[in-house]
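# Coordinate inspection notes
Here's the letter readout for the chains.
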Amino acid sequence: MKITNIRLGRISVPLRVPFKTAVRSVSSVEDVIVEIHTDTGAVGYGEAPPTGAVTGDTAGAIIGAVRDHIAPTLLGREVDDFENLMLALQGCILKNTSAKAAVDMALWDLYGQLYHIPVYKMLGGSRSQIVTDITISVNDPEEMARDARNAVDRGYDCLKCKVGKDAPLDLRRLQAIRAEVGQGIKLRIDANQGWKPKEAVRILGQMEDAGLDIEFVEQPVAQHDLTGLKYVTDNVSIPVMADESVQGPADALTIMQMRAADLVNIKLMKAGGLYNALKIASAAEVYGVECMLGCMLEAKVSVNAAIHLACARQVITKIDLDGPVLCTEDPILGGAVFHEKDITVSDEPGLGIKGVEKITYLD
Ligand SMILES: [Mg+2]
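Remember, it's a predicted structure, so these values are computed and weren't measured experimentally.

### Observations regarding the overall build of the protein
Counting secondary structure elements, the protein contains 13 helices and 17 strands. The C-alpha atoms of the protein give 20 Å as radius of gyration, which agrees with the globular expectation for 363 residues (21 Å, within 12%). The C-alpha extent of the protein, read off along each of the three principal axes, is 60 × 40 × 35 Å. Residues counted as buried form 60% of the 363 residues belonging to the protein. Across the protein, the 37 positively charged side chains and the 49 negatively charged ones have centroids separated by 2 Å.

### Quick word on the UniProt feature "active site" (unreviewed entry) in the protein
The residues that UniProt annotates with the feature "active site" (unreviewed entry) are Lys162 and Lys267. The subset of the named residues that lines the largest cavity consists of Lys162 and Lys267. Within the secondary structure layout, Lys162 lies in strand 6 (residues 158-162). Contacts of Lys162, omitting those with residues within four sequence positions, involve Phe19, Lys20, Thr21, Thr135, Ile136, Ser137, Val138, Met144, Asp190 and Asn192. In this fold, Lys267 is placed in the loop between strand 10 (263-266) and helix 10 (268-271). The class of Lys267 is buried, set by a relative accessible area of 7%. Sequence-distant contacts of Lys267, defined by excluding residues within four places in its chain, comprise Asp243, Gly294, Cys295 and Met296.

### Focus on the side chain of His308
One can find His308 in helix 12 (residues 300-312). Of the residues examined, His308 reaches a relative accessible area of 0% and is grouped as buried. If we ignore the near neighbours within four places in the chain, the residues touching His308 are Pro118, Val119, Tyr120, Val345, Ser346, Gly350 and Leu351.

### Digging into the layout of surface pockets
Its boundaries defined by the atoms lining it, the largest pocket holds a volume of some 400 Å³. Lining the largest pocket are 20 residues, and of these Lys95, Thr97, Gln223, Gln247 and Asp251 sit closest to its centre. At the level of secondary structure, the elements contributing two or more residues to the lining of the largest pocket comprise helix 3 (97-114) and helix 9 (249-258). Composition of the lining of the largest pocket by domain shows at least three residues from each of domain 1 (3-116 + 357-361) and domain 2 (121-355). In this structure, the second largest pocket encloses a volume near 280 Å³.

The rules we used
Residues numbered from 1 in each chain as written. Predicted model: local features only at pLDDT ≥ 70, side-chain atom pairs only at ≥ 80, totals over all residues. Heavy atoms only, no water. Helix = DSSP H or I, 4+ residues; strand = E, 2+ residues; numbered from the N terminus. Rg over C-alpha atoms; globule rule 2.2 N^0.38 Å. Buried < 20%, exposed > 50% of the residue type's maximum accessible area, 1.4 Å probe, protein only. Lys, Arg positive; Asp, Glu negative; His and termini not counted. Charge placed at Lys NZ, Arg CZ, Asp CG, Glu CD. UniProt positions renumbered as here; feature names shortened; annotations may be inferred. 1 Å grid on protein atoms, 1.4 Å probe; cavity = no way out; pocket = protein on both sides within 12 Å on 5 of 7 lines; lining within 4 Å. Contact = heavy atoms within 4.5 Å. Points joined across faces, edges and corners; volume = space filled by probe spheres on them. Domains from an automatic or database assignment.

Right, dumping it as C-alpha cells:
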C-alpha cells in the first residue's frame, strides 16, 4: 500500500450554541480535512481544528505544514513502513502538532485497513463503548444553569463547566448549576488558565465548603506555571488535571515527575497524534496517573480517532469527546456511533471513516 496523493479540504459545521471558554468564543467548527490516497484505492482520513488559542495552529499553518513539509516527506512511501513513517512525520517540521495529528490518524487508518483490524484493537482493545461528558460554556450563572438543564434533559450525567472568566462569578456559576441539576450529576470544571494560583486555591476551597461536589478541576493556572499548578494541587482536595500545560509527552513526564497535577488531559491535537498520545498514556500508567481523553472543537473524523485510543487503554478513565454532539449536523460518514453521551467505536478496519460530506477541496 503506497501513498500516492495527499488531499486537503475544509469543512464548516455550525454549533448548537456558541462555545465559550476563558480564552475564546466560536460559533462553528471550521476544520481542515486530510485525505491520504494509496495505490490500492484505500483512503485514510484525518482532521485538524485550527485552535490558535491553545496549540498556536491556524488553518493556514495546518495547510502549509501538510503541503510544504509533510506531503513531500510521505509521498511514494509504503504504509507498511509504519514506525519509520511516524518518525518521519514527527521529524519533518517543528511543532505544528495539529497538522501532524491529522496526518498521523490518516496513517493509522490506512495501517489498520492494510491488516484488516480496527485501530482500537491494534492498540489494546480494552472496550468498545465509552461515555462522554458535555461542555457547558462560560456565561452568566443563569444561562449556564439553563444550558446544564438542557444537557441533563438530553441524557448527559456528567457536565464539564467552563469557568475562569471573571473569577468572582465562578462560585455563583457552580452554585446555580448544582442547584438546577441536583445531586447525582457529575460536575467537572475547566478554568482554562483563568486563575492565579492563590486565587484558584481560594475559589476551589469555597466550592468545597459550599458542598458543590466537584469531580476535578482542569488547568486552573497559566500553561507554563508548573510551580503554580503544583501549588494548587498541593493545597486543594479537589483533584487537579493538567490540560494546556501538557502539550506533548515531554510536558506530561515533567508534570508527573513533579506531581504538579493529579490527572492529565490527552488531546491528539496537542500531542501530534496517536503515536505521541500513546507515549503519554504509557507514562501515566507508570506513574499511576489517570487520564482524560479530550478534544478541541472537532467534528467526527478526529474525535473518532480519539475514541479508538480511549477504547484501547484502561488508563484513560475520563472522556471529554463532545465535539460532534455540540454540532447541529454530522457531515462525517462512518466511524463511531453517538447516541448523545453513549459512544460505540467502529469495528471496521482502520478508523472506519467512509467519507466526508460538504467538503471543500483545496486542490
Ligand atoms: Mg481543558
